[in-house]
Amino acid sequence: MRKVRAAVLTATNRPFEIQEFELTNPPEGMAKIRLIASGICGTDVHIYKGKIPVNMPAIIGHEFIGEVEALSASDSKQYGIQAGDRVIVDIACPCGHCRLCRAGDDANCVHMGVTNGGDPAIAPHLYGGYAEYNYSPVKNLIKIPSELNPVMVDVFACAGPTVLHAFQLAEKAGCKLREISTAVIQGLGPVGMFALLYLKAMGVPNVIAVTGSRKEERDQYARQLGAAAVLSMADDGQEGILAVIERYNDGLAADLVFESSGNPRAVPQGLGMLRNRGVYLIPGQYSNSGAVEIEPQKITFNALHLIGSSQYAVEDVKAYLQFLQNNPQLYAAIDRLHTDYSVPQINEAFQAVQAGKNIKTLLVPER
Ligand SMILES: [Zn+2]
Ligand SMILES: [Zn+2]
């Protein structure tokens, strides 16, 4: 029986262990999938640090893209997935019958489960993304259209649907993107980068990126993706940033601020960058990073609109793929944003993520 490698998290804040697992035939309902690319996400760093608890040992990772190698004939027929298909694994398992699921809010199901929480000691072992193979329920696979390069797709496999879901909630709440003239993105990780290119693709005239401190290479990418200005709290300060926003927005503060830094301090700062009746969209505070002081009066007096968003659903993954298909002019720019490591290089890759080194860090097959 052939063996493949996976990175196993055995305890928080400890290096991943590279372990070998036997490949088996997938059980009924699951597919066996060979790694093409698997992203390391900010959420994984929170898991690693114990800020989001998981059962250990675990193979974490939720941005797996691969080629289907095996599944049963009946699963293939039922879900329209075949061996040879390239797929994104969506790890979310909404219950399908709670009040939120029934209302179409399955991304926020109150009984949400995940596919990657299985015990690696129990066959088929490889439930999570940090591995050379993955076994996932066939119903959680979304086929990638053949014209899309699957490695390029993986760059925003999680950030893309996260952003699209947030904007979908904003739309539901009456926020119309076509009426936005000036938007601010806080934070330039993958979520912020995708929000930037999405807003530009949707025709928002002025998108200003704000970070904690300047980073030349990353800031340059943001300008290439269409940012009107890339500012930092360290160099420009709240007042300086507000002045730039007002210059772009006919003397008004921002129409929309999108929080994707994950830093709690960004929230009072972001609230202070909005015009009256402005929209604050907050998908960037995924794990609890502590409390900050805000002035509720600002929300009242400026009549602000605050919208939170966390996970995404299968429909958002499909919308992400559709967005890519509609925007081939973005492929080259997106494909420049990833830095690749093999599964055995996981600890090196993870350190790079924690140091904020790469825009997007991917695990790919060893060459
Ligand atoms: Zn993610
Ligand atoms: Zn539910």
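Per an unreviewed UniProt entry, the protein goes by the name Enoyl reductase (ER) domain-containing protein and belongs to Hydrogeniiclostridium mannosilyticum.

Engineer: Residue-level account of the coordination of the zinc ion (ligand 1), with values.
Structural biologist: Octahedral six-donor coordination of a metal ideally yields angles of 90 or 180 degrees, compared with 109.5 degrees for tetrahedral four-donor coordination. Around the zinc ion (ligand 1), the protein contributes the donor atoms Cys41 (SG), His62 (NE2), Glu63 (OE) and Cys158 (SG), at 2.0 to 2.5 Å from the metal centre. For the zinc ion (ligand 1), the four donor atoms in the first shell make angles of 90 to 128° at the metal, a pattern classed as tetrahedral. On the basis of relative accessibility, which here comes to 11%, the residue Cys41 falls in the buried class. A relative accessible area of 11% means that His62 is categorised as buried.

Engineer: Give a detailed account of unusual backbone geometry, specifying residues and quantitative values.
Structural biologist: Looking along the chain, the bond that leaves Met56 and enters Pro57 is cis, with omega of 0°. By secondary structure assignment, the location of Pro57 is in the loop between α1 (42-48) and β4 (64-70). Ala123 connects to Pro124 through a cis peptide bond whose omega is 5°. As for its placement among the helices and strands, Pro124 is situated in the loop between β7 (113-114) and β8 (133-137). Even without a glycine there, the phi angle at Asp250 is positive, about 50°. Note that Asp250 resides in the loop between α8 (233-248) and β13 (254-259). With a relative accessible area of 74%, Asp250 lands in the exposed category.

Engineer: Let's hear about the nonpolar core: which residues, and what values?
Structural biologist: Membership of the largest hydrophobic core comes to 61 residues, with the highest contact counts inside it found for Val153, Phe156, Phe167, Phe194 and Phe258. Two domains each donate at least three residues to this core, and these are domain 1 (3-144 + 337-363) and domain 2 (161-308). Counting 28 residues, the second-largest nonpolar core is a separate cluster that includes Phe21, Ala58, Tyr135 and Ala352.

Engineer: Describe the side chain of Thr43, listing the residues and the values that go with them.
Structural biologist: By the secondary structure assignment, Thr43 is in helix α1. Thr43 has contacts with Ile52, His62 and Tyr286, leaving out every residue within four places of it along the chain.

Engineer: Run through the domain arrangement of the protein, naming residues and quoting values.
Structural biologist: What the domain assignment reports for the protein is domain 1 (3-144 + 337-363) and domain 2 (161-308). Spacing between the C-alpha centres of domain 1 and domain 2 amounts to 30 Å. Taken together, the contact between domain 1 and domain 2 spans eleven residues of the former and twelve residues of the latter. Both faces considered, domain 1 and domain 2 share a buried interface measuring about 930 Å² in area, 63% of it formed by carbon and sulfur atoms. Taken together, the links from domain 1 to domain 2 amount to one salt bridge.

Engineer: Give me the lowdown on helix α13 (residues 346-354), citing residues and values where you can.
Structural biologist: Within α13, the full set of buried residues consists of Ile346, Ala349, Phe350 and Ala352. In a view along the axis of α13, the buried residues occupy a sector of 155°, so they form one face of it. Tucked inside the fold, the buried residues of α13 contact β1 (3-8), β2 (17-22), β3 (30-40), α1, β16 (338-341) and β17 (360-363). Downstream of α13 by a residue or two, Gly356 has a phi angle that is positive, lying close to 65°.

Engineer: If you had to explain the sheet that holds strand β12 (residues 229-232) to someone new, which residues and values would you point to?
Structural biologist: Adjacent strands of a sheet pair through backbone hydrogen bonds, lying either parallel or antiparallel. Pairing in this open sheet of six strands is parallel, and the strands run β12-β11-β10-β13-β14-β15 from one edge to the other. Of all strands in the sheet, those with a lone pairing partner are β12 and β15 (305-308), marking the two edges. Neighbour-to-neighbour, the strand axes of this sheet turn through a mean angle of 20°, independent of strand direction. Across four bridges, the pairing between β13 and strand β14 (residues 274-282) is parallel. Paired with Leu256 across the two strands is Val279, which belongs to β14. In the packing of helix α6 (residues 190-201) onto the sheet, contacts are made with β10 (182-186), β11 (206-211) and β13, and the angle to β10 comes to roughly 165°.

Criteria and thresholds
- Residues numbered from 1 in each chain as written.
- Chains lettered and ligands numbered in written order.
- Predicted model: local features only at pLDDT ≥ 70, side-chain atom pairs only at ≥ 80, totals over all residues.
- Heavy atoms only, no water.
- Donors = N, O, S within 2.8 Å, 3.2 Å for Na, K, Ca; no water.
- Tetrahedral: all angles 85-135°; square planar, octahedral: opposite > 155°, others 65-115°.
- Buried < 20%, exposed > 50% of the residue type's maximum accessible area, 1.4 Å probe, protein only.
- Helix = DSSP H or I, 4+ residues; strand = E, 2+ residues; numbered from the N terminus.
- Core = buried A, V, L, I, M, F, W, Y, C linked by side-chain atoms within 4.5 Å.
- Domains from an automatic or database assignment.
- Contact = heavy atoms within 4.5 Å.
- Buried area = accessible area lost by both parts, 1.4 Å probe.
- Salt bridge = Lys/Arg side-chain N within 4 Å of Asp/Glu carboxyl O.
- Arc of directions from axis to C-beta.
- Pairing = 2+ DSSP bridges.
- Axes fitted to C-alpha atoms, helices over the stretch in contact; angles between N-to-C directions.

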